[in-house]
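Chains, contacts and geometry: an overview
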Amino acid sequence: MSTDAVHTAARMLAVAEAGGTAGAALVVGGPPEVVGRRLLVVREAGGAEEVEGDLGSPALQDAALSAVRAALDDARASGGTTTLVAAGIDAGGAEVELYVEVRRPVRDLVVVGAGHIAQPMSRLGALLGFQVFVVDDRPDFATRERFPEAHRLIRADFSDPFADVPIHPRSHVLLVTRGHKYDYECLVRLLRMDPGAAYVGMIGSRRRVRATYAQLLDDGISRDQLDRIHAPVGLDLGAETPEEIAVAVAAELVLVHRGGTGRPLRDVERVATRFFPEPAP
């Protein structure tokens, strides 16, 4: 029996929020008896796979499963992805079109501090597909008017900043509070979490970061733990304004997630040098 649209959408969302991945295939073209049928493939965070739905033909079922699994295995994709594919032959020999949708684990961006850098960072985080949380102890700063893109606005006491914020291996935490002591308290808590966040970034000058590292070591944080911290945060773009700093941080988040060198693509590809060398004198 085919799985229905409401159940499929709800299950895919729940799985993604729990750290798993789900893919669904809907028959949108082909014989009338199979158009509208749907199947769902769920991969829980622990790795177990479950299939729901019957497309009415073993050949079509196998082709649809192959299409969904290929989409799930695509390492280049992130977030929700959709694609229209021709997916094989049904029992009657007719070509069938499938609409394949994938929901991947939800990634969180937790911006601690609701100041001038947090605003463009929230916008860019949402554009990159993060579920954005903005945390501050000042109710006049963490407002919906200032952060319309944020998933949640949280008023927190920086002595226990993550009491109402779920931190997990898909969390990306950016510390941009108004004071060093608040960043430090948050940083210590993050480094002592197990499991910890995927990314921990802290804004600050070289001098401030050096002082922070010295204090962490004095407080019993291991040297290896220091390597988990992205500080000073962001890529070296010469950024100065809040918007430019947010772009530099967003670029680092993409680099961490996708991989790459962080170098200009012109220098990586060297098109002029490789394909249009200067003539020999």
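So, here is what we can say about the structure in this document.

The rules behind each value
Residues numbered from 1 in each chain as written. Predicted model: local features only at pLDDT ≥ 70, side-chain atom pairs only at ≥ 80, totals over all residues. Heavy atoms only, no water. Helix = DSSP H or I, 4+ residues; strand = E, 2+ residues; numbered from the N terminus. Rg over C-alpha atoms; globule rule 2.2 N^0.38 Å. Buried < 20%, exposed > 50% of the residue type's maximum accessible area, 1.4 Å probe, protein only. Contact = heavy atoms within 4.5 Å. Areas by Shrake-Rupley, 256 points an atom, 1.4 Å probe, with all protein chains shown as cover. Lys, Arg positive; Asp, Glu negative; His and termini not counted. Charge placed at Lys NZ, Arg CZ, Asp CG, Glu CD. Pairing = 2+ DSSP bridges.

1. Some words on the overall build of the chain
Across its full length, the chain carries nine helices and eleven strands. Computed over C-alpha atoms, the radius of gyration of the chain comes to 24 Å, more than 25% over the 19 Å expected from 2.2 N^0.38 for 281 residues, which places it beyond the range of a compact globule. A buried classification covers 42% of the 281 residues belonging to the chain. Within the chain, contacts between residues at least 6 apart in sequence are counted, and of these 58% link residues at least 24 apart. About 14,900 Å² of surface is accessible on the chain, with carbon and sulfur atoms providing 53% of the total. Averaging the coordinates of the 31 positive side-chain charges in the chain and doing the same for the 39 negative ones gives two points 6 Å apart.

2. Considering the sheet that holds strand β11 (residues 229–230)
The strand order across the open sheet built from six strands is β8-β7-β6-β9-β10-β11, with neighbouring strands paired in parallel fashion. In this open sheet, the two edge strands, each paired with only one partner strand, are β8 (152–155) and β11. In this structure, strand β6 (residues 108–112) lies alongside strand β9 (residues 171–175), joined through five bridges in parallel fashion. Note on β9: the bridge partner recorded for D108 is S171.

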